[in-house]
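A closer look at the structure
Read off the chains here:
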Amino acid sequence: KNQVEQSPQSLIILEGKNCTLQCNYTVSPFSNLRWYKQDTGRGPVSLTIMTFSENTKSNGRYTATLDADTKQSSLHITASQLSDSASYICVVDSNYQLIWGAGTKLIIKP
Amino acid sequence: DTEVTQTPKHLVMGMTNKKSLKCEQHMGHRAMYWYKQKAKKPPELMFVYSYEKLSINESVPSRFSPECPNSSLLNLHLHALQPEDSALYLCASSHTGTGGTEAFFGQGTRLTVV
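Everything in this summary refers to the structure shown in the same document. Since this is a predicted model, take the numbers as computed values, not measurements. Residue numbering note: each chain is counted from 1, following its sequence as written. Working convention: letters from A go to chains and numbers from 1 go to ligands, in the order in which they are written. This being a predicted model, a pLDDT of at least 70 is required before a residue's local features are given, and a value of 80 or more before pairs of side-chain atoms are given or counted; all residues contribute to the totals for chains, interfaces and linings. The basis for the side-chain values is all heavy atoms of the structure; hydrogens and waters are excluded.

**Regarding the overall build of chain A**
Helix and strand counts for chain A come out as zero helices and 11 strands. Strands here are runs of E lasting at least two residues and helices are runs of H or I lasting at least four, both read from the DSSP assignment and numbered beginning at the N terminus. The linear arrangement of helices and strands in chain A, starting from the amino end, is β-β-β-β-β-β-β-β-β-β-β. Throughout, radius of gyration means the C-alpha value; the globule benchmark is 2.2 Å times the number of residues raised to the power 0.38. Relative to its length of 110 residues, chain A is compact, with a C-alpha radius of gyration of 13 Å against a globular reference of 13 Å. Counting over 110 residues, chain A shows a buried share of 42%. Considering only contacts in chain A between residues 6 or more positions apart, those separated by 24 or more positions represent 55%. Each accessible area is a Shrake-Rupley result for a 1.4 Å probe, and residues are judged covered by the shown protein chains and nothing else. Of the roughly 5400 Å² of accessible surface on chain A, 49% is carried by carbon and sulfur atoms. Accessible area is worked out with a 1.4 Å probe on protein chains only. A residue is then buried under 20% of its type maximum, exposed over 50%, and partly exposed in between. For this analysis, residues touch if any pair of their heavy atoms sits within 4.5 Å.

Set out below in structure tokens:
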């Protein structure tokens with residue numbers, strides 16, 4: 001069964017600190033892996049999209065990694081800001097079908 | 001313009017009402033999507049339009065009726081909804097309906113059925 005699992009479910013960190021969110025997937029076939037940021041009650045916003053051959057991709061303070069062998073991805077946020085408080089969702093594209101993770105709720109405290 | 005615009009932002013409707021949600025994009029995308037998202041859950045795919053034709057209907061009840069008048073517009077007509085249909089309804093678009101293309105989401109319509 002195609003699944004995307006994220007950890008932790010929720011995370012609270014202080015402003016300015018770094019954090020790493022994890023995503024493990026068992027999806028086949030695999031087209032690409034995406035990370036989205038979603039503010040409460042708003043639509044998801046794409047952070048990165050990575051294909052099988054890409055190991056690392058950055059978007060400002062966000063850096064995503066992908067290990068296609070172990071089927072793991074991570075999203076690292078550097079020097080967190082209050083505006084980073086949101087849900088971060090890992091999504092695996094499997095031949096036209098998007099398999100969504102449950103998300104990690106990140107709270108940044110001043 | 002990299003925006004997907006949804007209207008209205010909020011909607012409260014009774015179970016006997018008929019209403020429509022609207023979605024618009026001007027990025028030249030030929031695939032458009034409707035998703036339903038309940039609180040603390042990931043979005044669930046409802047419909048996919050590819051080149052203005054309905055290509056995927058994820059067994060959605062007939063009280064939800066999608067329409068794609070042209071390549072830039074997508075509507076979701078609502079009729080005789082139930083309170084459990086209250087959710088955030090998201091529209092998205094991508095270049096094509098095939099895998100690997102980036103999807104852009106609108107800000108959503110918060111629907112409450114009373």
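**A closer look at the nonpolar core**
Core analysis: the biggest nonpolar cluster contains 24 residues, and A:Val4, A:Tyr25, A:Leu33, A:Trp35, A:Leu75, A:Tyr88 and A:Leu106 have the highest contact counts within it. Looking at this core, the elements that each hand over two or more residues are β3 (19–26), β4 (32–38), β5 (45–51), β7 (62–67), β8 (72–77), β9 (86–94) and β11 (104–109) of chain A. For A:Val4, the residues in contact, after removing those within four places along its chain, are A:Cys23, A:Asn24, A:Tyr25, A:Val27, A:Cys90, A:Val92, A:Ile99, A:Trp100 and A:Gly101. Think of a nonpolar core as a cluster: buried Ala, Val, Leu, Ile, Met, Phe, Trp, Tyr and Cys residues, connected wherever their side-chain atoms sit within 4.5 Å. B:Val4, B:Leu21, B:Met27 and B:Ala87 belong to the second-largest nonpolar core, a separate cluster that totals 23 residues.

**What about the sheet that holds strand β6 (residues 56–59) of chain A?**
Residues and elements named next belong to chain A. Read across the sheet, five strands follow the order β1-β3-β8-β7-β6 without closing on themselves; strand pairing throughout is antiparallel. Bordering the open sheet on either side are β1 (3–7) and β6, each of which pairs with just one other strand. Taken over all neighbouring pairs, the strand axes of this sheet differ in orientation by 15° on average, direction set aside. When DSSP finds two or more bridges between two strands, those strands count as paired. Relative to β8, β7 runs antiparallel, the two being bridged by six bridges. Pairing of Thr65 across the sheet is with Ser74, part of β8. Axis definition: a line fitted to C-alpha atoms, over the contacting stretch in the case of helices. Angles run 0 to 180 degrees between N-to-C directions.

**Focus on the side chain of B:Asp85**
Residues and elements named next belong to chain B. Looking at the secondary structure, you find Asp85 in the loop between β8 (73–79) and β9 (87–94). Under the relative-accessibility criterion, Asp85 is labelled buried at 2%. A polar contact is formed between the side chain of Asp85 and the backbone nitrogen of Gln82, at a distance of 2.8 Å. Here Asp85 is in contact with Lys36, Arg63, Phe64, Leu111 and Val113, once residues within four sequence places are set aside. Each polar contact in these results corresponds to two N or O atoms within 3.5 Å; when the atoms are within protein, one needs to be able to donate a hydrogen and the other to accept it, and residues that are neighboring in sequence are counted only if both atoms are side-chain atoms.

**Concerning unusual backbone geometry**
The linkage connecting A:Ser7 with the following residue, A:Pro8, adopts the cis geometry, with an omega of -10°. When you line up the elements, A:Pro8 lands in the loop between β1 and β2 (10–14). Note the cis peptide between B:Thr7 and B:Pro8, where omega equals -10°. With respect to the element layout, B:Pro8 can be found in the loop between β1 (4–7) and β2 (10–13). The phi dihedral of B:Tyr51 falls on the positive side, at around 55°, and the residue is not glycine. In this structure, B:Tyr51 sits in the loop between β5 (44–50) and β6 (53–57).

**Description of the side chain of B:Ser94**
Residues and elements named next belong to chain B. In this structure, Ser94 sits in strand β9. Classification of Ser94 by relative accessible area gives buried; the value is 1%. A distance of 2.7 Å separates a polar atom in the side chain of Ser94 from a polar atom in the side chain of Tyr33. Those residues in contact with Ser94 that sit more than four places away from it in its chain are His29, Arg30, Ala31, Tyr33, Thr101, Glu102 and Ala103.

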